[in-house]
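Summary of structural features
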Amino acid sequence: MKIQVICGAGASSTFVAGRLRRAAQAAGSEWEIAAAPLGGVDPFADVVLLGPHIADRREEIAREAPRSRVVVLPEDAFTDLDGTRVHAIVRAVVDDTAPKGTP
């Protein structure tokens, strides 16, 4: 699964992506996680996570990545120092979109 974290300039998303990567590895989630600034949206990502400060760009980004599930992170996502909160958010999105019977 390919996950992208987007913020305004790409700095904050780099921190969130790194923490999410560590939490995903610890949980056994085999995810490819990358960070990018606005304008660097990967249209092939399965999940695109947006910083709360760019929530107003959600629809625009959803058009840029029509096959992606676009999720606005909560305000406290950048203070999730071990990445477990963001991991749980992604896990919930993945579980919600998985076909019935998929592990």
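Provided above is the structure to which this section pertains.
Quick caveat, the model's predicted, so the values are computed rather than measured. Along each chain, residues carry numbers from 1 onward, in the same order as the chain's sequence is written. Per-residue local features are limited, in this predicted model, to residues with pLDDT of at least 70; the limit for side-chain atom pairs, both in listing and counting, is 80 or more; totals at the level of whole chains, interfaces and linings are taken over all residues. For the side-chain quantities, the full set of heavy atoms in the structure was used; hydrogens and water were omitted.

Quick word on the overall build of the chain
Think of it this way: any DSSP run of H or I at least four residues long counts as a helix, any run of E at least two long counts as a strand, and we number them from the N terminus. Each helix and strand in the chain was counted, giving 3 helices and 4 strands. Reading the chain from its N terminus to its C terminus gives the helix and strand order β-α-β-β-α-β-α. Note that the radius of gyration is over C-alpha atoms, with the globule rule given as 2.2 Å times the number of residues to the power 0.38. What you see for the chain is a C-alpha radius of gyration of 13 Å, in line with the 13 Å of a compact globule of 103 residues. Principal axes of the C-alpha set define a box for the chain whose edges measure 35 × 30 × 20 Å. Accessible area is worked out with a 1.4 Å probe on protein chains only. A residue is then buried under 20% of its type maximum, exposed over 50%, and partly exposed in between. Here the chain, with 103 residues, has 42% of them falling under the buried criterion. Taking all contacts inside the chain whose residues are at least 6 apart in sequence as the whole, residues at least 24 apart take part in 60%. As presented, the chain carries roughly 5,600 Å² of accessible surface, and 53% of it is formed by carbon and sulfur atoms. Averaged over its 12 positive side-chain charges, the chain has a centre that lies 2 Å from the centre of its 14 negative ones. Contact definition: two residues touch when any of their heavy atoms are within 4.5 Å. The accessible surface values rely on the Shrake-Rupley method and a 1.4 Å probe; as for residues, cover is taken only from the protein chains in view. Positive residues here are Lys and Arg, negative ones are Asp and Glu, while His and the chain termini are left out of the count. Here the site of a charge means atom NZ of a Lys, CZ of an Arg, CG of an Asp or CD of a Glu.

Overview of the nonpolar core
The term nonpolar core refers to a set of buried residues drawn from Ala, Val, Leu, Ile, Met, Phe, Trp, Tyr and Cys, joined through side-chain atoms within 4.5 Å. Counting 18 residues, the largest nonpolar core has Ile3, Leu20 and Leu49 as the members making the most contacts within it. The set of elements that each furnish at least two residues to this core consists of strand S1 (2–7), helix H1 (11–27), strand S3 (47–50) and helix H3 (84–97). Leave out the neighbours within four places in its chain, and Leu49 touches Ile3, Gln4, Val5, Ile6, Leu20, Val71, Leu73, Val86 and Val90. Counting residues in hydrophobic clusters, the runner-up holds 10 residues, among them Val41, Ile54, Ile61 and Ala65.

Observations regarding the side chain of Gln4
Positionally, Gln4 belongs in strand S1. By the criterion applied in these results, polar contacts are pairs of N or O atoms within 3.5 Å in which, for protein atoms, one can donate a hydrogen and the other can accept it, and in which residues neighboring in sequence qualify only through two side-chain atoms. Of note is the side chain of Gln4, whose polar atom sits 2.7 Å from the backbone nitrogen of Asp42. Leave out the neighbours within four places in its chain, and Gln4 touches Ala34, Ala36, Gly40, Val41, Asp42, Ala45, Val47, Val48 and Leu49.

Some details on the environment of Ser12
Locating Ser12 in the fold gives a position in helix H1. Exposure remark for Ser12: the relative accessible area of 32% places this residue in the partly exposed category. Ser12 sits 25 residues away from Pro37 along the chain, and the two C-alpha atoms are 9.1 Å apart. Those residues within four positions of Ser12 in sequence are excluded, and the remaining contacts are Cys7 and Phe78.

Let's talk about the side chain of His87
Here His87 is to be found in helix H3. In this structure His87 touches Leu20, Ala23, Ala24, Ala27, Ser29 and Trp31, once residues within four positions along its chain are discounted.

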